[in-house]
Amino acid sequence: MTKTVLITGANGGIGNALCSSFKNAGYYVIGTDRSKSAKCECDHYISADLYNLANDVTQLNNFKTDVFSTTKTVNILINNAAVQILSSLSTLKLEDFKKTLDVNLTAALLLTQGFEEILTKCHGSVINIGSIHAGLTKPAFISYATSKAALRGLTKSLAVDLGGRIRVNCIEPAAIETDMLVDGFKDTPEKLNELTACHPTGKLGQPFEIAKAAVFLTNSDNEFMTGTILEINGGIAGRLHDPF
């Protein structure tokens, strides 16, 4: 029987790679985002705003109904969608902080909770896409870093709470060469080169590397892997950056 994977944030660079990699691995892929991208390689697409799902139980239930209208089961849930609103403490807006937590953290919790029964039946797996910002961050990333640190904690807590019924793991990438990241440096390409050089590998990560890791984590041979935080960061998490 074909397995089903549900992937949030399907339009982004990592989301596209996840959809493509799981499709190539033989999964039936359900992708969801606020609007569909032409690049999204999924078998079925559901338009949904995770901020709304996190704040409206009716929309959350309707989303579950939409999922089960196209499949009888969900074997894998990948919480990939995220927002990144930059602001330092003096200018931080509470609504932006709350929105970041709702999309990056609360939605992951509610979707895992919402699909717990079906994931238990098939001894399924949840993968949260975190960030290096969970442990190492920089100025103006208060909201984003807080949400990703909490997502790391949620991953470990869920793994303990769910025991052997559902495996829950997290992938924490550093800089990944997505269109969004590159576009952010379009006016300062030298800064992108500096960012690249910061990584001991001398290159940025690629979306397919994150996707391949996700496929690996869902392999039934990896039954002992739960509560795992898989860091994919080109070695930058172990490097000091000082003037000497």
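Here the residue numbering is sequential within each chain, running from 1 through the sequence in written order. Residues qualify for local features only when their pLDDT is at least 70, as the model is predicted, and side-chain atom pairs are given and counted only at 80 or more; totals for whole chains, interfaces and linings, by contrast, use all residues. To get the side-chain values, all heavy atoms of the structure are used, and hydrogens and water are removed first.

(A) Region of the structure containing the nonpolar core. In terms of nonpolar packing, the biggest core is built from 31 residues, with Leu 6, Phe 63, Val 67 and Phe 115 touching the most fellow members. Those elements that place two or more of their residues in this core are helix H2 (50-55), helix H3 (57-68), helix H4 (94-114), helix H5 (116-121) and helix H6 (142-162). By the criteria applied, helices consist of DSSP H or I runs no shorter than four residues and strands consist of E runs no shorter than two, each listed in order from the N terminus. The element best represented in this core is H4, accounting for six residues. Only heavy atoms enter the contact rule, under which two residues are in contact if any of them lie within 4.5 Å. Those residues within four positions of Phe 63 in sequence are excluded, and the remaining contacts are Leu 6, Thr 32, Ile 46, Ala 48, Leu 53, Leu 111 and Phe 115. Among the buried residues, those of types Ala, Val, Leu, Ile, Met, Phe, Trp, Tyr and Cys that are joined through side-chain atoms within 4.5 Å form a nonpolar core. Working definition: with a 1.4 Å probe on protein chains only, accessible area under 20% of the residue-type maximum means buried, over 50% means exposed, and in between means partly exposed. Core analysis: the second largest hydrophobic core is formed by 24 residues, Ala 17, Tyr 45, Ile 210 and Ala 213 among them.

(B) Quick look at H6. In this scheme, a helix's expected span is set at 1.5 Å multiplied by one less than its residue total. Compared with the 30 Å implied by 1.5 Å per residue over 21 residues, the 30 Å span of H6 between its first and last C-alpha is a close match. All of the buried residues along H6 are Ser 143, Tyr 144, Ala 145, Ser 147, Lys 148, Leu 151, Leu 154, Thr 155, Leu 158, Ala 159 and Leu 162. Against H4, H5, strand E5 (125-129), strand E6 (167-173) and strand E7 (229-232) lie the buried residues of H6. Where H6 terminates, the next one or two residues include Gly 163, which has phi positive at roughly 55 degrees.

(C) Representation of the packing of helix H1 (residues 13-24) against helix H9 (residues 207-218) within the structure. Between the N-to-C directions of two axes lies an angle of 0 to 180 degrees, each axis being a line fitted to C-alpha atoms and, for a helix, fitted only over the stretch in contact. Running from N to C, H1 and H9 cross one another at 50 degrees; their axes reach a closest spacing of 8 Å. Regarding the angle of H1 to H9, the classification is oblique. Crossing geometry of H1 relative to H9 is assigned as right-handed. Residues Gly 13, Ile 14, Ala 17, Leu 18, Ser 21 and Phe 22 of H1 form the contact with H9, whose own contacting residues are Pro 207, Phe 208, Ile 210, Ala 211, Ala 214, Val 215 and Thr 218. Side-chain classes follow a simple rule in which Ala, Val, Leu, Ile, Met, Phe, Trp, Tyr, Cys and Pro form the nonpolar group, Asp, Glu, Lys and Arg form the charged group, and the remainder, Gly included, forms the polar group. Grouping the constituent residues of the contact of H1 with H9 by class yields ten nonpolar, three polar and no charged. Note on angle classes: values under 35 degrees are labelled roughly parallel, values over 145 roughly antiparallel, values of 65 to 115 roughly perpendicular, and the remainder oblique. Two helices crossing with the near one rotated counterclockwise from the far one by less than a right angle form a left-handed crossing, whereas a clockwise rotation gives a right-handed crossing.

Read these as layout, nothing more, since geometry by itself doesn't imply function.
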